[in-house]
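In case you want the letters, here they are:
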Amino acid sequence: MTVMAERTTSHMLAEEFEQIASTAPETVTLEFLNGRIEEKRVPDGDHDEIIRWLLRRCMQYRPDLFLYSSGRGLKVEEYRKGRARPDGVLAPDGHFAGYGEWSDSDGVLMAVEVTSYDGDTDRRDRQDKPGAYAAVGIPVYLLVDREAGTVVVHTNPDAERGCYLDTHRAPFGEEVTLPDPVGITLDTDILKNYVG
């Protein structure tokens, strides 16, 4: 076992986490990343408006896809068996039919996170999530970073190393292209309304 794996190994099984998460109150969202249970802040109104805006863009330009935004649970981090609840999951329409609370990441085209104003957002959204989503081969990770006023597009996942090889960072107001397999260009000017 490598030193890195030793540091991130959990004594908890993914199934045990799922049992704990299923009994959490509605005011708490739990995730299981890097062998740790993480609490994710309940979204505020601006957060919801960003997801609504992105949902509308996806529906407008890619009606064959759907941005699932109701806390869809994904199995991530192959060797650690992590569990994440992205703010948005772009997949073919009807993709999650028949799945339970936690589904495989196969077929997911993009994971979306919108930063919250809490102490864990740096580690969770900027460090842990890109590694987890890359590890299962999700082609695009879109981070709307309200604190930095930027949109960050992570592409070209290297599942073996658990990282994205390409990252494009643009300030709110610039046009941002989400490359194939997403294939959408976003005018991010409206995001200036949802910071602070």
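Cut-offs and rules
Residues numbered from 1 in each chain as written. Predicted model: local features only at pLDDT ≥ 70, side-chain atom pairs only at ≥ 80, totals over all residues. Heavy atoms only, no water. Core = buried A, V, L, I, M, F, W, Y, C linked by side-chain atoms within 4.5 Å. Buried < 20%, exposed > 50% of the residue type's maximum accessible area, 1.4 Å probe, protein only. Helix = DSSP H or I, 4+ residues; strand = E, 2+ residues; numbered from the N terminus. Contact = heavy atoms within 4.5 Å. Pairing = 2+ DSSP bridges. Axes fitted to C-alpha atoms, helices over the stretch in contact; angles between N-to-C directions. pLDDT = per-residue confidence, 0-100. Salt bridge = Lys/Arg side-chain N within 4 Å of Asp/Glu carboxyl O. Expected span 1.5 Å × (residues − 1). Arc of directions from axis to C-beta.

Undergrad: Looking at this model, I keep getting lost on the nonpolar core. Mind explaining?
TA: One recurring pattern in soluble globular proteins: nonpolar side chains tend to sit buried together. The biggest cluster of nonpolar side chains holds 26 residues, and the ones touching the most others in it are L54, M110, L142, L178, V182 and L191. Among the secondary structure elements, those contributing two or more residues to this core are helix 3 (45–61), strand 3 (65–68), strand 8 (110–114), strand 9 (140–145), strand 10 (150–158), strand 12 (175–178) and strand 13 (184–187). If sequence neighbours within four positions are ignored, V182 has contacts with R62, L90, L109, M110 and V140. Grouped together as the second largest cluster of nonpolar side chains are 18 residues, V76, A111, A134 and L143 included.

Undergrad: So what exactly am I meant to see when it comes to the environment of K81 here?
TA: Within the secondary structure layout, K81 lies in the loop between strand 4 (73–76) and strand 5 (82–84). For K81, a relative accessible area of 49% corresponds to the partly exposed category. A sequence separation of 66 residues divides K81 from E15, and the C-alpha atoms of the two residues are 9.4 Å apart.

Undergrad: I'm lost on the sheet that holds strand 6 (residues 88–92) in this one. Help?
TA: Hydrogen bonds between backbone groups are what pair the strands of a sheet, and the pairing can be parallel or antiparallel. Ordered in space as 3-6-8-9-10-11, the six strands form an open sheet in which the pairing is mixed. The open sheet has two free edges, formed respectively by strand 3 and strand 11 (163–171), since each of these has just one partner strand. Across the sheet, the mean angle from the axis of one strand to that of its neighbour is 20°, orientation sign disregarded. Relative to strand 6, strand 3 is paired through four bridges, and the arrangement is antiparallel. If you follow F66 over to strand 6, its bridge partner there is A91.

Undergrad: Just to check I follow, could you spell out the confidence of the model for the protein for this structure?
TA: Reading fine detail from the predicted coordinates is not recommended where pLDDT is low. Averaged over the protein, the pLDDT score is 83; the fraction of residues at 70 or greater is 74%. For the stretch residues 1–8, pLDDT sits under 50, and the model shows eight contacts to residues farther than four places along the chain or on other chains.

Undergrad: Hey, could you run me through the pattern of salt bridges in this one?
TA: Charged atoms that come close allow side chains of opposite charge to pair. Applying the stated criterion across every chain yields a total of eight salt bridges. In this structure, D64 engages R62 in a salt bridge whose closest nitrogen and oxygen atoms are separated by 2.8 Å. With relative accessibility at 42%, the residue D64 sits in the partly exposed group. Among the ionic pairs, D145 bridges to R126, the shortest N-O distance being 2.6 Å. Of this pair, D145 sits in strand 9 while R126 is found in helix 4 (residues 121–135), placing the two residues 19 residues apart along the sequence. Classification of D145 as buried rests on a relative accessible area of 2%.

Undergrad: Would you take a moment to explain helix 3 for this structure?
TA: In an α-helix, one turn spans 3.6 residues; hence positions three or four apart end up facing the same way. Its 17 residues give helix 3 an end-to-end C-alpha distance of 25 Å, which sits within 8% of 24 Å, the value for a rise of 1.5 Å per residue. Along helix 3, the residues that are buried comprise H47, I50, I51, W53, L54, R57 and C58. Taken down its axis, helix 3 places every buried residue within 155° of arc, on the same side. Its buried side turned inward, helix 3 meets strand 3, strand 6, strand 8, strand 9 and strand 13.

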